[in-house]
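Structure at a glance
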Amino acid sequence: MRKQLKHFINGEWVESTGSTIIDVINPATEEVIGQISDGTREDLDKAVAAARAAFPSFSQTTKEERIELLNRIADEYEKRKDDLVEVITQELGSPLPMSERTHYSMGLAHFRQAAKELETFEFNEKRPNNTVVRKEPIGVSGLITPWNFPTNQTSTKLASAFAAGCTVILKPSELTPFAAIILAEVFQAAGLPKGVFNLVNGTGEVVGNGISSHPDIDLVSFTGSGAVGQKITENAAKTIKKVALELGGKSPLVVLDDFDMKKAAQIAVTNVVFNSGQVCTAATRTLVPKSKHDEFIEAVKAVLPNYRVGDPQDGTNFLGPLISEQQYERVQGYIEKGIEEGATIVEGGTGKPEGMEKGYYVKPTVFTNVKNDMVIAQEEIFGPVMSVITYENIDEAIEIANDTIYGLAGYVVGEDQETVQKVANSIRAGRIIVNGASGDFSAPFGGYKQSGIGREWGDYGIEEYLEVKSVVGISS
Ligand code: NAD
């Protein structure tokens, strides 16, 4: 049983001022695997005071010092690989190979990438007329993260904030807090100056709302649902705080008619069922040329059995359970809704996969005959549910792709470069992935429309934590 009832404030683990305890559940077994404290406003105030006190000196560190620091953090992070992989598998239910290859690796990549970006990052720019434009750390940053990528989302924010010279308070999801607790130990081992990183565990209601409304916090960076993003923005408005939001998505994957349908099916399925569909960039709307529909569906049926659902401790499984009972019910509700709306189930459906009574497992589900105005095509399901929609021509495909309130990602698979380019350029989203390309940690990540405000990753991620100052009339 894991237990960390303290918060990490000003370089040490301190008792919570509250007495409420939150149980952490393993979604594969439904058993309690750990406990954390539900932080209070007083705990948060202490953390903010520590971050504020540490800011004047940390903000003055040189870029070279911060490069060294980020690489030391990455080195210490690497030493905790086994612990991180184990904890992510337990608290998220991600199968072991994904916990290592994706979750652990993404966390590491952000620290290394931030160090690399800093090497060429310019904090001062000389302009004509004796003007210098300086980029300065924005100040104390409040970071609020969800459960679906416990190391990726924390690390991208932390790496960028440290690279910029900001001090932080992190509130990770109460569903997956232990990966962040290991991160605190990593920072301690790396010799991060006290007060630069503070961790307060707890709920959105108390610690989350506390961060977004705190008068001594200068920026809130949030990843999570649109509803909470809205609440954060409202709270932050009262003290004119800068807000960065990474929210949901309903991303289209456009299959062009010249692409191999077997390859298309594999890319499409992978990008829907990965992490049990709990991915904000999941390609949940698959747009297929009408003439290729039957061939595509047959190819999907053929590849789907390769994506096995089961115990995350068994490395041959591709999908673990969903994070919680609530998420299970939510996904069931959407599958029922799809049936009710008249979409056709190709594979999967409601209920648990056969023989899997314990754990929040769902069947990977493919719907076809989906119309883009159906609820299952418009709302983020956050489960392994694909909606296949047909189109007659490229212009219609683009129109359907953009007919959404979201704009986080878009996918296109095709051979003809001109058409691929046209689709990529026309989708109004922050990241377009062509022919199943893998990630690029230097490229900005973030959404258009209701998918968010701002960008993370790489140099754009660092910019998020900076203020811009013009010094006019300086002679040097
Ligand atoms: P959530 O919004 O419920 O919770 C996210 C975090 O916010 C948690 O730490 C939670 O405790 C906290 N929170 C809850 N209420 C709060 C409040 N009033 N004030 C401040 N903080 C509060 O989201 P979730 O269920 O953890 O994650 C799933 C959602 O996140 C999905 O909608 C998904 O699309 C989105 N998401 C987006 C991205 C992205 O990068 N765009 C990445 C992952 C997840």
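Here's a quick rundown of the structure. (Residues numbered from 1 in each chain as written. Predicted model: local features only at pLDDT ≥ 70, side-chain atom pairs only at ≥ 80, totals over all residues. Heavy atoms only, no water.)

Let's talk about the site of the ligand
How we decide: Think of it this way: one heavy atom of a residue within 4 Å of a molecule or strand is enough to make that residue near it. Residues adjacent in sequence count toward polar contacts only when both atoms are side-chain atoms; beyond that, a polar contact is any pair of N or O atoms within 3.5 Å, and within protein one must be able to donate a hydrogen and the other to accept it. Each accessible area is a Shrake-Rupley result for a 1.4 Å probe, and residues are judged covered by the shown protein chains and nothing else. Note on conventions: DSSP H or I runs of at least 4 residues are helices, E runs of at least 2 residues are strands, and numbering of each starts at the N terminus. Nonpolar residues are Ala, Val, Leu, Ile, Met, Phe, Trp, Tyr, Cys and Pro. Charged residues are Asp, Glu, Lys and Arg, and all others, Gly as well, are polar.
For the ligand, the set of nearby residues contains 28 residues, the closest of which are Q153, E174, S225, L247 and E380. Between the ligand and L247, the relevant distance is 2.4 Å, taken from a nitrogen atom to a main-chain nitrogen or oxygen of the residue. Coverage of the ligand by the protein amounts to 87% of the 840 Å² it exposes when considered alone. Elements that contribute at least two residues to the shell around the ligand include exactly α7 (204–213), β11 (219–223) and α8 (226–237). Among the residues forming the shell around the ligand, the class breakdown is 12 nonpolar, 11 polar and 5 charged.

Digging into the pattern of salt bridges
Note the cut-off: The term salt bridge refers to a side-chain nitrogen of Lys or Arg lying within 4 Å of a carboxyl oxygen of Asp or Glu. Burial here depends on accessible area, computed with a 1.4 Å probe over protein chains only, as a share of the maximum for the residue type. Under 20% is buried, over 50% is exposed, and the range in between is partly exposed.
Scanning the entire structure with this criterion turns up 25 salt bridges. Of the charged contacts in the structure, one is a salt bridge between E15 and K6, with a shortest N-O distance of 3.9 Å. Look at E15 and you get exposed, because its relative accessible area is 53%. For K6, a relative accessible area of 30% translates into the label partly exposed. Between E174 and K171 there is a salt bridge, with its nearest N and O atoms 3.3 Å apart. It is possible to trace a salt-bridge network through shared partners that takes in R52, D216 and D218.

With respect to unusual backbone geometry
The residue I240 is not glycine, and still its phi comes out positive at about 45°. Position of I240 among the secondary structure elements: in the loop between α8 and β12 (242–246). The exposure class assigned to I240 is exposed, which follows from its relative accessible area of 73%. Even without glycine at this site, W457 takes up a positive phi of about 75°. Judged by relative accessible area, W457 falls into the buried class, the value being 6%.

Notes on the environment of Q230
Tracing the backbone shows Q230 in helix α8. Look at Q230 and you get exposed, because its relative accessible area is 53%. In the structure, Q230 is positioned 15 residues away from L245 in sequence and 9.3 Å away in space, judged by C-alpha atoms.

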